[in-house]
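Listed below are the residues making up each chain.
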Amino acid sequence: MEPVLELVDVAKRYRGGLHAVDAVTLRLGPGLIGLLGPNGAGKSSLMRIAATVTRPSSGQVLFDGADAVRRPDALRRRLGYLPQDFGVYPHLSASEFLSYLAAVKGVGARAARARIGELLEILDLAGAGRRPLGAYSGGMLRRVGIAQALLTDPQVLVVDEPSAGLDPEQRVVLRNLLSDLATDRVVVLSTHIASDVGSVASDIAIMSGGRLRVRGTPEEVLRLAQGQVWEVTVPAETLQILRQRHVISKQVRTPAGMRVRVLAPSAPVADAVPVAPDLEDAYLAVVHGHAATAGVVR
Amino acid sequence: MTALLGTALWGIAVADFRERTRRPAYLVTLAAAVGLGWLAVPPADSVWVILDAGGYRGLYDGAWVGTATALAGGLWLMLGGFYVVRGTVTRDRLTGVGQVLAGTPMSRTTYLAGKFLSNLLVLASMAGVLALTALGLQIARGESYAMEPVALLAPFVLFTVPVLAVTSAAAVLFETIRPLRAGLGNIVWFVVWMSLLLGSSGVPFGGFDAVAASMQSSVVEQGLTPAGEFSLGLTEVGEPLRVFDWDGLVPSAGLMVGRLVVLLAAVLLAVLPALWFDRFDASRAAGSPVFAGGAGGAGGAEPVRTPAPVPGGRAAGTASAVSVDSMTSARTGTRPGLGRMVAGELRVLTSDLPRWWWLVALGLNVAAVVVGEPGTALLAAAWIWPVLVWSRLGTQHLEHGLDTLLGAYPGTLHRVTAQWVAGVALTAVTAVGPLANMLLAGESVRAAHWAAGALVIPSLALLLGTVTRTPRVFQVLYLVVWYMALNEVAGFDLMGIVLDGAGRPAGPSAVVVSGAALCMTAAALAVRRVQHLRR
């Protein structure tokens, strides 16, 4: 299938020489790609480039084969973008704010009215749709942000840390929405929470230090940490030694000692038991350089 | 305990000073100080002067250049410096630093005194650059090469520092009074500055009389005759000033005590708000960005953070059954809906205006019709009243942090156009009464000037907002334009209120003003286009 959105050898250098994004290539077709990475990995910079908000220092962004850096409006007309941080006009209601944005996008008045009503309903904002946004909680504002990203029928949806501030139920709603949308659209979901991606993404990319480290299906990414995840119960003093030598992904205090999950190429202590990795283990293995990545980056 | 207090005070002041002086804008303010110094010590053949001793100026030695630059510094840094330093408390509020500080044992007084000190350090650094410029110009002008550090710097200590202290304190004070935090504070300070100048011959809080008396005495002692008034402020003279020798002011004890009192009053003014400062309690901070919000600069509004329950809200999980694909199809058009965008921009501009604001605007317009004379006062009032609203043109998306969100939307230039149309509509509506008056009186020429004014005001606001990305510049510049026009300086009259002997507008023609308005709008669009290309 032809890619819809292509980021080719994209780099972003800020003043002072910081390389936020370094030679990243991503070709994206319909489906949901989960972009994982620690804070400062360059995810948000890459999202802004994909959303045409920021120009790359070098490289290309192509939408349906056309240059979206020089002529961004074609992509913008088919784009839904939810930034990590965004503001609102605090004295407008959600309906007024979304109507304004719909006009900016050129959506017809009647269609906009119907669409906004439906979005407010889906995102559980209908009861508060006429109140000024200044009186909204952080989670409600995040849902308004999601609504604006879905104002049109976006062919490309770029969402940066969309679940921040949402309660568990709202996160389920969001995941279902994104999963629905990914059927025939490009959905790029950026987060540093591996579990947000695991349940919906058919494609996973992991960034760190501005570079794309790994890209693959969830199964391929999990395979990177195969045989490197161990569980063991140890006394407190052994835990200190383990921490110095290995990445500890989980620890629980039990009556018998500390039950820990350790990333290590071989058994970290004599009675450690190998366990199946989860996505968080694989993510930590990649970020900390433990994973065998050969052949996985596409 | 005292040492701890001093450490906290100095820590707040230095951290804040560093934060501000590491911004590129700080270099611009220092460059402005250099420019001010150049104006105060102009070339010998210049007819534009700042300090005029009755047709004379002193030999360019340490005493004269120090006094001239120090007086000019007190005069102009009081106005410009206020807009440079204000916003520090608001910045702590917006960045969340205030929340962190609120969790420490720091007292209100320490915090406010630290901010005052930081403001004073910034302004003092500008005055320092001014003093260095004075020394450089003394040498460059080549009339005296004598190094007289005391004669050069003493006027700064005597005249400039107390004024800067009051300015620093007022900047802190204004940020603790909710209505003065935003644009209204900028206007109020302009009025305060103007009033102080009118009441003290151009040197805020007095002192000019002593300087003038000393200069006059020297002029007379040298057998010269003063040919005019002593004045401070940028003025054009008929011919270059003649030169006399002046040894500098020997301040009286009374003058020094008076300046010390000003300095102490500034300190008290800075810590006075400890009585009511909210100490970053978010529950006590809210309101409109224009009339009660932030610093009046980009990002000046209070962050939206008040949690609120949803009346009648149901569990969000139930909505997961709704499919996005079943929603009404909403395709993006090839062109934005300009009419609805203009309506949206008008709503954004006016949604936070309180009812009394509209009542005052209505009252001014009704009065213009009822009074029955096409007077300037009511037109001036009607078109000064919305200054804070216009000043948001080109900056409202920055004010509320929408630039990232809107950055991914199409039609950047259409949005700028919609803002301009909304601005013109608002300008016309707010002075429809004076227009009716002119038309009823058959004053078609003045009506044409009114139309040009309705175009040029939002155009100027949009251009300045787009270029500077802050509403402050328009807020100040627009008042300066009106001040000049009301003082019958015809060149500044963009609305046809300065009349010649025949009762016709004496300023630039309506066609010229309209053309300038369209050029400004085109420039705003071009600047926005460049900003977009450099995103």
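Every chain's residues receive numbers from 1 upward, in the order its sequence appears when written. Chain A is the first chain written and ligand 1 is the first ligand written, with later ones labelled in order. Whole-chain, interface and lining totals are the exception, using all residues; otherwise, since this is a predicted model, local features are given only for residues with pLDDT of at least 70 and side-chain atom pairs are given and counted only at 80 or more. Values shown for side chains rest on all heavy atoms present in the structure; no hydrogens or waters enter the calculation.

With respect to the packing of helix H3 (residues 62–85) of chain B against helix H6 (residues 108–141) of chain B
A packed helix pair is summarised by two numbers, namely the angle formed by the two axes and the spacing between the axes.
Residues and elements named next belong to chain B.
Item 1. At a minimum axis distance of 9 Å, the contact between H3 and H6 shows a crossing angle of 150°. When you trace H3 past H6, the crossing you get is right-handed. Across from Gly62, Val65, Thr69, Gly73, Leu77, Gly81, Val84 and Val85 in H3, the residues of H6 making contact are Asn119, Val122, Leu123, Met126, Ala127, Leu130, Ala134 and Gln138.
Item 2. Classification used: nonpolar for Ala, Val, Leu, Ile, Met, Phe, Trp, Tyr, Cys and Pro, charged for Asp, Glu, Lys and Arg, polar for all others including Gly. Its residues placed into classes, the contact of H3 with H6 shows 10 nonpolar, 6 polar and no charged. Angles shown run from 0 to 180 degrees and are taken between the N-to-C directions of axes, each axis being a line fitted to C-alpha atoms and, for helices, limited to the stretch in contact. Every helix listed is a DSSP run of H or I at least four residues long, and every strand listed is a run of E at least two residues long, numbered separately from the N terminus. Working rule for handedness: look at the near helix, and if it is turned counterclockwise from the far one by less than a right angle, call the crossing left-handed; if clockwise, right-handed. The contact criterion used is simple: two residues touch if any of their non-hydrogen atoms lie within 4.5 Å.

Quick word on the pattern of salt bridges
Item 1. The term salt bridge refers to a pairing of a side-chain nitrogen on Lys or Arg with a carboxyl oxygen on Asp or Glu at a separation within 4 Å. Taken as a whole, this structure holds 21 salt bridges over all chains when the rule is applied.
Item 2. When the shortest N-O distance is used, the salt bridge between Arg261(A) and Asp281(A) registers 2.6 Å. Residue Arg261(A) is found in strand E13 (residues 257–263), and its partner Asp281(A) is found in helix H10 (residues 279–287); the two are separated by 20 residues along the sequence.
Item 3. Residue Arg261(A) is classed as buried on the basis of its relative accessible area of 9%.
Item 4. Exposure classes here rest on a 1.4 Å probe applied to the protein chains alone. A residue is buried below 20% of its type maximum, exposed above 50%, and partly exposed in between. Residue Asp281(A) is classed as buried on the basis of its relative accessible area, which comes to 0%.
Item 5. Note that Asp92(B) and Lys115(B) form a salt bridge whose closest N and O atoms lie 2.9 Å from each other. Residue Asp92(B) is found in helix H4 (residues 88–95), and its partner Lys115(B) is found in helix H6; the two are separated by 23 residues along the sequence. Of the two residues examined, Asp92(B) and Lys115(B), each falls in the buried class.
Item 6. What you see here is one network of salt bridges that share partners, running through Asp16(B), Arg20(B), Arg91(B), Asp92(B) and Lys115(B).

Observations regarding the sheet that holds E13(A)
Residues and elements named next belong to chain A.
Item 1. A strand pair is defined by DSSP finding two or more bridges across the two strands. Spatial strand order, E12-E13-E11-E14: 4 strands in an open sheet with antiparallel pairing. Across the chains shown, the open sheet's two edge strands, defined by having one partner strand only, are strand E12 (247–254) and strand E14 (273–274).
Item 2. Of the strand pairs in this sheet, E12 and E13 are connected by 7 bridges, and their pairing is antiparallel. Paired with threonine 254 across the strands is glycine 257, a residue of E13.
Item 3. Across the sheet, helix H9 (residues 236–245) lies against strand E11 (229–234), E12 and E13, angled at about 170° from E12, the strand it touches most.
Item 4. Packing of H10 onto the sheet brings it into contact with E11, E12 and E13, and relative to E12 it is tilted by some 135°.

Quick word on the pairing of strand E9 (residues 203–208) of chain A
All names here are of chain A.
Item 1. A large share of E9 lies buried, amounting to 6 of its 6 residues.
Item 2. In E9, alternate side chains face the same way, and those of Asp203, Ala205 and Met207 on one face and Ile204, Ile206 and Ser208 on the other are all buried.
Item 3. The sheet contact formed by strand E3 (residues 31–36) and E9 spans 4 bridges and is parallel. For leucine 35, the partnering residue across the bridge sits in E9 and is alanine 205.
Item 4. Pairing of E9 with strand E10 (residues 211–216) involves 5 bridges; the strand directions are antiparallel. Among the inter-strand pairings, alanine 205 is bridged to a residue of E10, identified as arginine 215.
Item 5. The turn linking E9 back onto E10 is made up of 2 residues, and glycine 209 within it adopts a positive phi angle of 55°.

So, the domain arrangement of chain B
All names here are of chain B.
Item 1. These domain boundaries are the output of an automatic or database domain assignment. Along its sequence, chain B is carved into domain 1 (2–284) and domain 2 (338–533).
Item 2. Computed from C-alpha atoms alone, the centre-to-centre distance between domain 1 and domain 2 is 32 Å.
Item 3. Taken together, the contact between domain 1 and domain 2 spans 10 residues of the former and 8 residues of the latter.
Item 4. Take the accessible area each of two parts loses on contact, using a 1.4 Å probe, and add the two losses: that sum is the buried area. A buried area of about 840 Å², summed over both sides, lies between domain 1 and domain 2, and 77% of it is on carbon and sulfur atoms.
Item 5. On the domain 1 side of the contact with domain 2, Tyr83, Ile187 and Phe190 bury the most area, a combined 53% of that side's loss.
Item 6. Inspection of the domain 1/domain 2 interface yields 0 salt bridges.
Item 7. The definition of a polar contact used here is a pair of N or O atoms within 3.5 Å, where within protein one atom must be able to donate a hydrogen and the other to accept one, and adjacent residues in sequence count solely through side-chain atom pairs. For the pair domain 1 and domain 2, the number of links is 3 residue pairs in polar contact (both at pLDDT 80 or more).
Item 8. The element best represented in the side of domain 1 that touches domain 2 is helix H9 (residues 183–199), accounting for 7 residues.

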